[in-house]
Amino acid sequence: MLKQALGKVLGGEVLSTSSRKLGPFSNSAIVGFHTGQTQNAPRSFFGVEDFLDDENSRPYTFQKGKVSKNPNKNISFKQRTQAFLEPFTLDVFISKRFVSASLTHRVTSKQVAVAGTNSKDIKAVLKSRSDVPACLAIGRILGERAREADVYTAVYTPREKDKFEGKIRAVVQSLIDNGIGVKVYLD
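Being a predicted model, the structure only gives us computed values, none of them experimental.

Asks: Would you mind going over the nonpolar core in detail, with residue names and values included?
Replies: In this structure, Leu90, Val92, Ala101, Leu103, Leu142, Tyr156 and Val182 are the most contacted members of the largest nonpolar core, which totals 28 residues. Where this core is concerned, the elements lending two or more residues are strand S5 (88–94), strand S6 (99–105), strand S7 (111–116), helix H4 (132–148), strand S8 (153–156) and helix H5 (167–177). Per-element tally for this core: the top contributor is H4, with seven residues. With sequence-adjacent residues up to four places away left out, leucine 90 is seen in contact with Ala101, Ser102, Leu103, Leu142, Val155, Tyr156, Val172, Leu175 and Val182.

Shown next, in the form of structure tokens:
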């Protein structure tokens, strides 16, 4: 009992009779020092601990930066709804050694159809894995796989350094020829 009272006064940890450690402001029942009656200790002095944040020890209502009530304030309606109206995007990657293309769902970020010249079944058929006939074959295979997944439209926006000509144009044209409507956004 003396340990509990001294621990409470000094702010140290208190050992209860059940030999488990209790914090200085725990919500456990302790015995009064002089009266011998059971009391409930307050959780903290003014209840401030309930409102403190662990990271910066400020009340939880404190905000470092001003947060807008409407986060979509400066975004147009078209920008907000475009991902739902045109949900599938075409990604084409062409290197010196291979060509790959995929159709990705914008909202869920899942790849619906993928084709590349590095896969075993395509690699065996092609002479070269990075020329225009390989790009046409990738577009044809990707179109078949997309139709199997019930995808008939896609959107393609070239990367900043890519030009819409040559091999990239061959992949997109092959997709269009195989029944996938591709809308190309050139900036």
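Next, the rest of the story.
Asks: Before we move on, can you summarise unusual backbone geometry with the specific residues and values?
Replies: Note: most residues except glycine have negative phi, and most peptide bonds are trans. Positive phi, normally seen in glycine, also occurs at serine 109, with a value near 60°. By secondary structure assignment, the location of serine 109 is in the loop between S6 and S7. Of note, aspartate 150 is a non-glycine position whose phi angle comes to about 60°, a positive value. Overall, the relative accessible area of 57% leaves aspartate 150 in the exposed class.

Asks: If you had to explain the side chain of threonine 117 to someone new, which residues and values would you point to?
Replies: Relative to the helices and strands, threonine 117 resides in the loop between S7 and helix H3 (120–123). Using a relative accessible area of 0% as the deciding quantity, one classes threonine 117 as buried.

Reading guide: rules and limits
- Residues numbered from 1 in each chain as written.
- Predicted model: local features only at pLDDT ≥ 70, side-chain atom pairs only at ≥ 80, totals over all residues.
- Heavy atoms only, no water.
- Core = buried A, V, L, I, M, F, W, Y, C linked by side-chain atoms within 4.5 Å.
- Buried < 20%, exposed > 50% of the residue type's maximum accessible area, 1.4 Å probe, protein only.
- Helix = DSSP H or I, 4+ residues; strand = E, 2+ residues; numbered from the N terminus.
- Contact = heavy atoms within 4.5 Å.

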